[in-house]
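# Coordinates in review
Chain by chain, the residues run as shown.
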Amino acid sequence: TQTVSQSDAHVTVFEGDSVELRCNYSYGGSIYLSWYIQHHGHGLQFLLKYYSGNPVVQGVNGFEAEFSKSDSSFHLRKASVHWSDSAVYFCAVRNSGGNYKPTFGKGTSLVVHP
Amino acid sequence: GPKVLQIPSHQIIDMGQMVTLNCDPVSNHLYFYWYKQILGQQMEFLVNFYNGKVMEKSKLFKDQFSVERPDGSYFTLKIQPTALEDSAVYFCASSLGDTQYFGPGTRLLVL
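From a predicted model like this one, the values you see are computed outputs, not experimental measurements.

This next bit is on the sheet that holds strand β7 (residues 65-68) of chain B. All names here are of chain B. Overall, antiparallel pairing links the 4 strands, which are arranged β1-β3-β8-β7 in an open sheet. The open sheet has two free edges, formed respectively by β1 (5-7) and β7, since each of these has just one partner strand. Within the sheet, the average angular offset between the axes of one strand and its neighbour, ignoring direction, is 20°.

Residue and element names in this part refer to chain A. As paired strands, strand β5 (residues 31-38) and strand β6 (residues 44-50) are joined by 6 bridges and run antiparallel to one another. Bridge pairing links Tyr-36 to Phe-46 in β6. Where β5 folds back on β6, the antiparallel hairpin that results is connected by 5 residues, among which Gly-41 adopts a positive phi of roughly 80°.

So, on to the pattern of salt bridges. All names here are of chain B. Summed over all chains, the structure comprises 6 salt bridges over all chains. Glu-85 is the salt-bridge partner of Lys-62, the closest N and O atoms lying 4.0 Å from each other. You can see Lys-62 sitting in the loop between β6 (53-57) and β7 and its partner Glu-85 sitting in the loop between β8 (75-79) and β9 (88-95), a full 23 residues away along the chain. Relative accessible area serves as the criterion here: at 51%, Glu-85 is assigned to the exposed category.

Our focus in this paragraph is the interface of chain A and chain B. How big an interface is tends to be stated in terms of the accessible area lost upon association of its parts. With 19 residues of chain A at the interface, the matching set in chain B holds 19 residues. Across the interface of chain A and chain B, roughly 1,700 Å² is buried in total on both sides, 53% from carbon and sulfur atoms. One can count 0 salt bridges joining chain A with chain B. The interface formed by chain A and chain B contains 4 residue pairs in polar contact (both at pLDDT 80 or more). Going through the elements one at a time, β5, β6 and β10 (87-95) of chain A are the ones with two or more residues in the side of chain A that touches chain B. Of the residues forming the side of chain A that touches chain B, the biggest block, 4 residues, is contributed by β5 of chain A. For the side of chain A that touches chain B, the residue count by class is 8 nonpolar, 7 polar and 4 charged.

The rules behind each value
Residues numbered from 1 in each chain as written. Chains lettered and ligands numbered in written order. Predicted model: local features only at pLDDT ≥ 70, side-chain atom pairs only at ≥ 80, totals over all residues. Heavy atoms only, no water. Pairing = 2+ DSSP bridges. Helix = DSSP H or I, 4+ residues; strand = E, 2+ residues; numbered from the N terminus. Axes fitted to C-alpha atoms, helices over the stretch in contact; angles between N-to-C directions. Salt bridge = Lys/Arg side-chain N within 4 Å of Asp/Glu carboxyl O. Buried < 20%, exposed > 50% of the residue type's maximum accessible area, 1.4 Å probe, protein only. Contact = heavy atoms within 4.5 Å. Buried area = accessible area lost by both parts, 1.4 Å probe. Polar contact = N/O pair within 3.5 Å; in protein donor to acceptor, adjacent residues only side chain to side chain. Nonpolar A, V, L, I, M, F, W, Y, C, P; charged D, E, K, R; others polar.

As structure tokens, then:
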């Protein structure tokens, strides 16, 4: 069974700040890791994913995430946030076999003040 | 990008009645999913569906729940009968493989 932990329920920053949203997982096998964004009142939108290769993956709108096997982490980062980045961010993990059934974290609400 | 549509956007229903939530997935996608999200909480997997069959379902997918996609039309989630604890936002998603595309959700309120 895989688990996903997002330690920060809420993060507040100002426009132009850098931000890191944390995600830790537990699973013994090969996994896919993803980040999704959910704007208020909307469904989730895919940001990026990692399975193998370069541990730093680039996503849309300047987001990137870094996989660390030693830390069991897949933190999401952005160098300079915009107010429109305000949303809830979900980390997800699923095993590489199986039926495409991801486990989502509880989400981190990011608020960017202008 | 590809869009998943959900109909209706909101539904209010009396406890014990039946409700059907409709999902119009991305046209060439093969895998379909339903998730439940209670306000302010995480997305919880309910069920996934491929080639006309349920592949996997969670403990949240009670006996009162059923899914189908007759002849490539809407992918539906039916709840019969509904209970108060079914009040939530239900998200549909579809995928060709790993990356899922989500609909905007149906907000279900059971009174």
